[in-house]
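Report on the structure
The residues making up each chain are set out below.
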Amino acid sequence: MGFMDEIKAKARADRKRIVLPETEDERTYRAAAKAIEEDIADIILIGKADVVAAKEKEYGVDLSKATVIDPEKSDKLQSYIDKLVELRKKKGMTPEQAKDTLLNQYIYFGVMMVKMGDADGLVSGACHSTANTLRPSLQILKTAPGTKLVSAFFLMNVPNCEYGDNGTFAFADCGLNQDPTAEELAAIAGSTAKSFKALTGHEPRVAMLSYSTMGSAKHDDVTKVQEATRIAKEEYPDIALDGEMQLDAAIVPSVGEFKAPGSKVAGHANVLIFPNLDAGNIGYKLVQRLAKAEAYGPMTQGIAAPVNDLSRGCSWEDIVGVIAITAVQAQMQG
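Residues numbered from 1 in each chain as written. Predicted model: local features only at pLDDT ≥ 70, side-chain atom pairs only at ≥ 80, totals over all residues. Heavy atoms only, no water.

Some remarks on the overall build of the chain
This is how the line gets drawn: Helix and strand assignments follow DSSP, with helices taken as H or I runs no shorter than four residues and strands as E runs no shorter than two, numbered in order from the N terminus. Taken over C-alpha atoms, the radius of gyration is set against a globule rule of 2.2 Å times the number of residues to the power 0.38. Any two residues whose heavy atoms approach within 4.5 Å are treated as being in contact. Under the convention used here, a 1.4 Å probe and the Shrake-Rupley method define accessible areas, while residue burial counts only the protein chains that appear. Charge counting treats Lys and Arg as positive and Asp and Glu as negative, with His and both chain ends excluded. Where a charge sits is defined by one atom per residue type, namely NZ (Lys), CZ (Arg), CG (Asp) or CD (Glu).
In terms of regular secondary structure, the chain is built from 13 helices and eleven strands. For a compact globule of 334 residues, the expected C-alpha radius of gyration is about 20 Å, and the chain comes in at 21 Å, within 12% of that figure. If you line up the chain on its principal axes, its C-alpha atoms span 65 × 45 × 30 Å. Pairs at least 24 apart in sequence give 72% of the contacts found in the chain among residues at least 6 apart. As presented, the chain carries roughly 14,900 Å² of accessible surface, and 49% of it is formed by carbon and sulfur atoms. Once the 38 positive and 46 negative side-chain charges of the chain are each reduced to a mean point, those two points are 3 Å apart.

Focus: a nonpolar patch on the surface
Let me state the cut-off plainly: Residues with no salt bridge and a relative accessible area higher than 30% make up the patches, which join like charges within 9 Å and nonpolar side chains (Val, Leu, Ile, Met, Phe, Trp, Tyr) within 5 Å. When a carboxyl oxygen of Asp or Glu lies within 4 Å of a side-chain nitrogen of Lys or Arg, that pair is called a salt bridge.
Among the surface-exposed residues, I282, L286 and L290 lie close enough to one another that they form a single nonpolar patch of about 330 Å² accessible area. Within the secondary structure, L290 sits in helix α12 (residues 277-290).

Some details on the sheet that holds strand β10 (residues 294-301)
Put simply, the test is: Whether two strands pair comes down to DSSP finding at least two bridges between them. Lines fitted to C-alpha atoms define the axes here, with helix axes fitted over just the stretch in contact, and angles between the N-to-C directions of these axes take values from 0 to 180 degrees.
If you walk across this open sheet you meet the six strands as β8-β7-β9-β6-β5-β10, and the pairing is mixed. Two strands close off the open sheet at either side, each with one partner strand: β8 (240-245) and β10. Strand-to-strand, the axes of this sheet are offset by a mean angle of 20 degrees, without reference to chain direction. Pairing analysis gives three bridges linking strand β7 (residues 205-209) to strand β9 (residues 271-273), with the strands arranged parallel. Bridge pairing in β9 links M208 to I273.

A word on the state of the cysteines
As a reminder of what qualifies: Two cysteine sulfur atoms form a disulfide, by the criterion used here, when they sit within 2.5 Å. Throughout this description, buried means an accessible area under 20% of the type-specific maximum (1.4 Å probe, protein chains only), exposed means over 50%, and partly exposed covers the range between.
By the definition in use, this model includes zero disulfides. The thiol of C161 is not disulfide-bonded; the next cysteine sulfur, from C174, is found 16 Å away. Free of any disulfide, C314 has its nearest cysteine sulfur in C127, 8.9 Å distant. Since its relative accessible area comes to 7%, C314 is described here as buried.

Quick look at the side chain of T213
Turning to its location among the elements, T213 is positioned in the loop between β7 and α9 (220-235). Look at T213 and you get buried, because its relative accessible area is 5%. Residues contacting T213, with those up to four places away along its chain left out, are E244, M245, Q246, A249, K259 and A260.

Let's talk about the sheet that holds strand β4 (residues 121-123)
Pairing is parallel in the open sheet, where five strands are placed in the order β3-β2-β1-β4-β11. Across the chains shown, the open sheet's two edge strands, defined by having one partner strand only, are β3 (67-69) and β11 (307-308). Sheet topology note: the β4/β11 ladder contains two bridges and is parallel. Considered in β11, the bridge of L122 is made with V307. On the sheet, helix α13 (residues 316-332) packs against β1 (17-20), β2 (42-46), β4 and β11 and is oriented at approximately 160 degrees with respect to β4.

Regarding the pairing of β1
Rules: Classification remark: right-handed applies to a crossover when, strands pointing away from the viewer, the course from the first strand over the helix to the second runs clockwise.
Note that β1 and β2 share four bridges and pair parallel. Looking across to β2, one finds that V19 is bridged to I44. What joins β1 to β2 is helix α2 (residues 26-37), and the crossover it makes is right-handed. Note that β1 and β4 share two bridges and pair parallel. Its bridge partner being in β4, I18 is matched across the sheet by G121.

Structural notes on empty space enclosed by the protein
Cut-off, in case you're wondering: Here a cavity means grid points, on a 1 Å grid over the protein atoms only, where a 1.4 Å probe fits yet cannot get out; a pocket means an open set of points with protein on both sides within 12 Å along at least five of seven lines; lining residues are those with an atom within 4 Å of a point. Grid points are joined across faces, edges and corners, and a volume is the space filled by probe spheres set on the points. Residue polarity follows a fixed list, in which Ala, Val, Leu, Ile, Met, Phe, Trp, Tyr, Cys and Pro are nonpolar, Asp, Glu, Lys and Arg are charged, and the others, Gly among them, are polar.
Applying the stated criterion to the full structure yields two cavities of 30 Å³ or more. In this model, the largest cavity occupies a volume close to 40 Å³. Lining the largest cavity, in full, are F154, Y284, Q288, A295, G297, L310, S311, C314, D318 and V322. When its residues are assigned to classes, the lining of the largest cavity shows six nonpolar, three polar and one charged. In this structure, the second largest cavity spans a volume of roughly 30 Å³. Around the second largest cavity sit L20, P21, E22, T28, V123, A126, L310 and I319, which together line it. Partitioning the lining of the second largest cavity into residue classes produces six nonpolar, one polar and one charged.

Have a look at this one:
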C-alpha cells in the first residue's frame, strides 16, 4: 500500500469523529462525502441543516451519513457557553460574548465539541488563515502536557521519488513559527520525529537544514542551526539526527557521503527541519507544485487534541488526507 492508503487503513480500523466547520466551502462537502464513502471517519458538519442540504444537492454529493449540527439549535449550546466563559473569564469573556462567538464562528463551536468530548478532532483552514484556525484551539484546548512548543509540519508524498522513505517526508516548521530560536528548532525536530514515526511507522532520520554543511559557511544563521543540532542530540539521543546540512547533502546519498562523511543521516533523511518559516513554506510549496507532491498539512503538534490546519490552496482530496491523519492522531491520543 502507498503511504496514504496505510493512513486511511489505520483510520478505518478505529473510526473517529472529525469536525469540519467550513460549510461555506465546496471543498468541505466533497471531502466529507469522500471520507464517508471511504469509511475513514464519522463526519460532523457545522451549519444550518437547510443550507447544508442545499449545498449537498448543488454539488451532487451524498452526505446522508454525516451529522449536521446547527449551533443555534444544539442542546449543548448552553454548556458550551458556560465552559467558554470559564476558560476565558480572565480575558473578560461574558456569557453574551461567548454565545455570539459560538453562534457566529463555527470553528469555535467545533473546537468546543472537541474540548467537551463530543468530537475527536477538527480540520479547518481551507478558507481561514492559520491564525484563525489555531487561535481558538490554543484558547480552548491549550497545549499538551510536556509540550515545549506548538509547531506545524507537512507530510509530503513525492511521486516516483527514491529519496526519503520512497518519497515520503515530514517538513517542519512550514506553517507556524516564524523565526525559531535554536532551542525551538530542537523542540520542532523532536516533535516532528515523533509525529513521523507515529503516522508512518518508519524510523525518522532528521536533517537540520541550512545553506551550510558541517561548517562549510560561517554566519549567525548557520550557528543557530548548529546549536539547535547540539541541543536536539542532547535532548533526543535516541533519534537519528544530524546537521547542519544542505538539502542535497540531506537526501542524496552520493552528496551526503561526499559533504558529510560518517553521518548516519546525510543522504538518507526523511524528516527535514527548516531554519525558519520562509524556508519551510517556500520549500514545501516548491516540492508540491514542481514535483506534483501530495502535501498534507500544516498538521499541528503540541495541542492537547488533534486540530489541523489546511493550506488555503488545498484541494478537496488534500482535505480527505488530513481528515485521515487527524483521525490517526486522535487514536494516538486515546
